[in-house]
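Close look at the chain arrangement
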Amino acid sequence: MAKELWKGNEAIAEAALRAGVEAYFGYPITPQTELLEYMAREIPKYPGRVFLQAESELAAVNMVYGAACAGVRVLSSSSSPGISLMTEGLSYIAGTEVPAVLVDIMRGGPGLGNIMPSQGDYFQMTKSLGHGDFHPIVLAPSTVQEAVDLTYGAFELAETYRTVVVILADGAIGQMMEPVVMPPARPVMTEEERADWALRGAKDRERRILTSLHMNAEGLERMNLGLQSKLARIQRNELRWQETMTDDAEVLMVAFGTAGRICSSVVQSARRAGLKVGLLRPISLWPFPEQRLLELAERVQQILVVEMNAGQMVLDVKAAVAGRAPVHFYGRLGGVVPLPDEISQQIDKLVSQPAGAGYKTGASNGFGHATVVPAGDARAEGRI
Amino acid sequence: MTLIDLANYDVVYRRPEALTNVQTHYCPGCTHGLIHRLIGEVIDELGIRENTICVAPVGCAVFAYNYFNVDGCEAPHGRAPAMATGIKRVMPDRVVFTYQGDGDLAAIGTNEIIHAAGRGEDLTVIFVNNANYGMTGGQMAPTTLVGQVTTSSPYGRDVELVGMPMRVAELISTIPGASYVVRRSVHNVANINKTKAAIKTAFQVQMAGLGLSMVEVLSSCPTNWHMTPDSALQWIEDAMIPVYPLGDYRVADAVEPLTKRRQPAHQQNGVTGG
Ligand SMILES: Cc1ncc(C[n+]2csc(CCOP(=O)(O)OP(=O)(O)O)c2C)c(N)n1
Ligand code: SF4
Ligand SMILES: [Mg+2]
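Residues numbered from 1 in each chain as written. Chains lettered and ligands numbered in written order. Predicted model: local features only at pLDDT ≥ 70, side-chain atom pairs only at ≥ 80, totals over all residues. Heavy atoms only, no water.

A word on the coordination of the magnesium ion (ligand 3)
Residues and elements named next belong to chain B. So the rule is basically this: In this description, a donor is an N, O or S atom within 2.8 Å of the metal centre, a cutoff extended to 3.2 Å for sodium, potassium and calcium. Water is not part of the atom list, which can make sites seem incomplete. Between buried and exposed lies partly exposed: a residue is buried under 20% and exposed over 50% of the maximum accessible area for its type, with that area taken using a 1.4 Å probe on protein chains only.
The protein atoms donating to the magnesium ion (ligand 3) are Asp 102 (OD), Asn 130 (OD1) and Asn 132 (O), with metal-donor distances spanning 2.0 to 2.2 Å. Donor residues for the magnesium ion (ligand 3), ordered by position in the chain, follow D-x27-N-x1-N. The two residues Asn 130 and Asn 132 agree in class, both being buried.

Topic: the sheet that holds strand E2 (residues 23-26) of chain A
Applied cut-off: Paired strands are those between which DSSP finds at least two bridges. Here a strand is any run of E in DSSP of at least two residues, a helix any run of H or I of at least four, and the numbering for each starts at the N terminus. Angular values range over 0 to 180 degrees, each being the angle between N-to-C directions of two axes fitted as lines to C-alpha atoms, with helices fitted over their stretch in contact. Throughout, a contact is declared for two residues whenever any of their heavy atoms are within 4.5 Å.
The seven strands are arranged E3-E2-E4-E5-E7-E6-E13 (chain A) in an open sheet whose pairing can be described as mixed. Unpaired on one side and paired on the other, strand E3 (50-53) and strand E13 (284-286) of chain A mark the two borders of the sheet. The sheet shows a mean angle of 20 degrees between the axes of neighbouring strands, taken without regard to direction. Both strand E6 (residues 137-139) of chain A and E13(A) contribute to a ladder of two bridges, which runs antiparallel. Bridged to A:Val138 within E13(A) is A:Trp286. In the packing of helix H3 (residues 80-90) of chain B onto the sheet, contacts are made with E2 and E3 of chain A, and the angle to E3(A) comes to roughly 150 degrees.

Quick look at the packing of helix H1 (residues 8-18) of chain A against helix H2 (residues 33-42) of chain A
Residue and element names in this part refer to chain A. For clarity, the cut-off: Should an angle lie under 35 degrees it is considered roughly parallel, over 145 roughly antiparallel, and from 65 to 115 roughly perpendicular; all remaining angles are considered oblique. Should the near helix be turned anticlockwise from the far one by less than a right angle, the crossing is termed left-handed; should it be turned clockwise, right-handed. Polarity classes work like this: nonpolar for Ala, Val, Leu, Ile, Met, Phe, Trp, Tyr, Cys and Pro, charged for Asp, Glu, Lys and Arg, and polar for all others, with Gly in that last group.
Packing of H1 against H2 brings their axes to within 8 Å, and their N-to-C directions diverge by 45 degrees. Judged by the angle between their axes, H1 and H2 are oblique. Handedness of the crossing formed by H1 with H2: right-handed. Here H1 contributes Asn 9, Glu 10, Ile 12, Ala 13, Glu 14, Ala 16 and Leu 17 to the contact with H2, which in turn contributes Glu 34, Leu 35, Tyr 38, Met 39, Arg 41 and Glu 42. In the contact of H1 with H2, the residues fall into seven nonpolar, one polar and five charged.

Digging into the site of ligand 2
Residue and element names in this part refer to chain B. Just so we agree on the cut-off: Any residue with at least one heavy atom within 4 Å of a molecule or strand is counted as near it.
Around ligand 2, the neighbouring residues are Tyr 26, Cys 27, Cys 30, His 32, Cys 60, Asn 130, Gly 134, Cys 221, Pro 222, Thr 223 and Asn 224. The element best represented in the shell around ligand 2 is helix H9 (residues 222-225), accounting for three residues. Here the shell around ligand 2 is composed, by residue class, of six nonpolar, five polar and no charged.

Details of the interface of chain B and chain A
Just so we agree on the cut-off: Each of two parts loses accessible area, computed with a 1.4 Å probe, when they are put together; buried area is these two losses added. Here, a salt bridge means any side-chain nitrogen of Lys or Arg that lies within 4 Å of a carboxyl oxygen of Asp or Glu. Side-chain atoms alone can form a polar contact between residues adjacent in sequence; in general such a contact is a pair of N or O atoms within 3.5 Å, and within protein one must be able to donate a hydrogen while the other accepts it.
Tallying the contact residues gives 36 residues for chain B and 35 residues for chain A. A per-residue breakdown of the area chain B buries against chain A is headed by B:Glu50, B:Asp71 and B:Val90, which together make up 21% of the total. Linking chain B with chain A are five salt bridges. As a salt-bridge pair, B:Glu50 and A:Lys203 come within 3.7 Å of each other at their nearest N and O atoms. For the interface between chain B and chain A, the tally reads 15 residue pairs in polar contact (both at pLDDT 80 or more). Secondary structure elements with two or more residues in the side of chain B that touches chain A: strand E1 (52-56), helix H2 (64-67), strand E2 (71-74), H3 and helix H5 (110-118) of chain B. Considering every element that reaches the side of chain B that touches chain A, the biggest residue donor is H3(B), with seven residues.

Remarks on the site of ligand 1
Counted only if it meets this: In these tables, accessible area is a Shrake-Rupley quantity obtained with a 1.4 Å probe, and a residue counts as shielded only by the protein chains included in the view.
Around ligand 1, 17 residues are found, and the nearest of them are B:Cys60, B:Asp102, B:Gly103, B:Asp104 and B:Gly134. Surrounding ligand 1 are residues belonging to chains A and B, so the site spans chains. Interatomic distance of 3.1 Å between a backbone N/O atom of B:Asn132 and an oxygen atom of ligand 1. Protein coverage of the free-state accessible area of ligand 1, which is 590 Å², stands at 78%. When residues of the shell around ligand 1 are assigned to their parent elements, the largest contribution, four residues, is made by helix H4 (residues 102-108) of chain B. For the shell around ligand 1, the per-class residue count stands at five nonpolar, nine polar and three charged.

A few points about helix H11 (residues 313-321) of chain A
The α-helix advances 3.6 residues per turn, and as a result positions three or four apart in sequence lie on the same side. All names here are of chain A. Rules: It is the directions from the helix axis to the C-beta atoms that the arc portrays.
Of all the positions in H11, only Met 313, Val 314, Asp 316, Val 317, Ala 320 and Val 321 are classed as buried. An end-on view of H11 places all buried positions within 160 degrees of arc, on one side of the element. Close packing links the buried residues of H11 with helix H5 (122-127), strand E11 (251-254), strand E12 (277-282), helix H10 (290-299), strand E14 (302-307) and strand E15 (327-331).

Regarding the confidence of the model for chain B
Residues and elements named next belong to chain B. Definition in use: pLDDT: the predictor's confidence for each residue, scored from 0 to 100.
Looking at chain B, pLDDT values average 94 and 94% of them are 70 or higher. Looking over chain B, one finds the lowest element-wise mean pLDDT in helix H11 (residues 256-259), namely 92, and the highest in strand E4 (residues 124-129), namely 99. Low confidence marks residues 262-274, where pLDDT is under 50. Its contacts with residues over four positions away, or in another chain, come to 26 contacts. The ipTM value of the predicted complex is 0.92, and its pTM value is 0.93.

What to know about a nonpolar patch on the surface
Residue and element names in this part refer to chain B. Selection criterion: To count toward a patch, a residue needs a relative accessible area over 30% and no salt bridge; like charges are then connected within 9 Å, while nonpolar side chains (Val, Leu, Ile, Met, Phe, Trp, Tyr) are connected within 5 Å.
A surface patch of nonpolar side chains, amounting to about 390 Å² of accessible area, comprises Ile 4, Leu 6 and Tyr 9. Mapped onto the secondary structure, Leu 6 falls in the segment before helix H1 (32-46). Judged by relative accessible area, which is 67%, Leu 6 ranks as exposed.

Things to note about the sheet that holds E1(B)
Across the sheet, eight strands lie side by side as E9(A)-E2(B)-E1(B)-E3(B)-E4(B)-E6(B)-E5(B)-E7(B); this open sheet has mixed pairing. At either margin of the open sheet sits one strand with a lone partner, and together these are strand E9 (209-210) of chain A together with strand E7 (247-251) of chain B. Here five bridges tie strand E3 (residues 95-101) of chain B to E4(B), and the two strands are oriented parallel to one another. If you follow B:Thr98 over to E4(B), its bridge partner there is B:Val125. The strands touched by H3(B) are E1, E2 and E3 of chain B; relative to E3(B), the strand with the most contacts, the crossing angle is about 175 degrees.

Here we look at the pairing of strand E5 (residues 100-106) of chain A
The two faces of a sheet get side chains in turn, since along a regular strand they alternate between them. All names here are of chain A. Within E5, seven of the seven residues are buried, which leaves the element mostly enclosed by the surrounding structure. Residues Ala 100, Leu 102, Asp 104 and Met 106 point to one face of E5 and Val 101, Val 103 and Ile 105 to the other, with burial holding for every one of them. Inspection of the sheet shows strand E4 (residues 74-78) paired to E5 by four bridges, in the parallel sense. The partner of Ser 76 across the bridge, within E5, is Leu 102.

Following this line, the structure appears as structure tokens:
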């Protein structure tokens, strides 16, 4: 397969089409809109598939919910504020246990924030994508190719576990162009391949009901315990991460998505400078590769978590390593993307300072000095 | 003792196949159940049971899917038209209907119903207007009458504070994508029969692919109106109908043949009365 140059948002859309997505519902929001526009342009070329621009993300997620109940492969995409509007529907989808795939091309927040790349939705995605006890599967690509591959596999994953799968990228990945090898196009599901719970009309069978409502407490507890055991299976089976030079690392960086990609170049420059630096890049943010982090924490001297937020994943890292190694944090906010040099400076500080001096506490105060936003940087002209 | 030979008798009344044999959870005298029955009869008469999908609301009818012997699901509060859109768009040959209360459709879900109508979705909407939020214990709805006492308008609906009741059939009838929009009532037999006829037309409109069809049904809530079932029906006639006139608010030309009406669909004010 030849490599072609693809823009992140469009590549994700194309990957979904090749995975046999049958319906797309969405609402325009920067920096995700090209995904919707690509679907608007391409889906009409596939007879029987559905593109519909909804009146809001509220409506979009409920259109997704309906199509998911019909047992078709369905996708929506949005960016941070739109995801906030979708959370009620996502909770219903999780509670009803129907499969759906969602793309979040994160932007700076809170509020209207800005349209620059950010990782500020980590908490929302991994911890509270709606009311009640559930987690979606959250996959964070760091390149356009990886976004394509994760999207392509996301539908099967959603169907296997009857759950929400989120592709969590940011404006940088959505907007950048990179060479990509596209996967082969799969046909859409046949009527025979439809799930045995799908609402297709009660012809020659008992009627089916899909609901998240369980009025009695024991019934809802039973449902929740079932949900929890499914989540535990996901935690066992669906962990994904990538390691770079962790074998002999003394300083372990942990970063996902765009920050992870930047940190991998920091590893290279640090190694050239003779510093034993490695990187663990979680790809599945939920489930989170905690066991592997714990193993590495036994061996390394310092851990540096780098995020484009005020310190969200760092809490999961701390929980995972359970005090086995000091955990430091470096973050940039508001859509500011950290430069490799800034991160290298953080590493220099860590290695020049004995582990006992001030860093052992694991206090994650590393972003304090970094919040000074260069004028004009984050307030680019906006199609908000 | 002689056994009755059923073969000698005609069945004149039985449960429609489209309804399940379960106990009702509705309050005594509530007309939600009656409206369910009308829908069930219509589904049977049109022979669409195996082809129909019900989208239940959040409201007293939250368990609607338990009563209809068709595939069913449960939408978040107010979102049924969006969820139904998702279902219908991926299965255009199925019959999809929503069943929604006035809090569900006329308050939290106004955006979804207006845009489903705007797109001309081939959906049937059964809109049950009982002038309050029944399920949550009788709070004020956008449809609550002026001066009507509810738990959240304990001094009566105050127009200065919250404005006038919202007339949904009138509102939706201004949207071209909604091709059949009528208001009916179930407070007496004559009107029950008219309601059933309208529900049938509404489903036929969908089956003919003519766009959104909506039947607003004035319905009783004796529990939260603090009335006997009888006086609640009387209150529909005396208090509700003057504010919510029964009639056909929009019958698109293409729908006209389905209604088998003798009169033209629209009078000057768009209401034909009845
Ligand atoms: C998002 C959300 N907000 C509020 C509620 C609480 N709630 C449940 S039913 C209801 C009102 C239903 O009233 P209506 O639609 O008129 O139906 P009725 O019970 O009168 O038939 C409300 C506010 C909810 N379930 N979800
Ligand atoms: S509360 Fe009102 S609407 Fe609800 S079941 Fe009882 S009578 Fe019917
Ligand atoms: Mg009501």
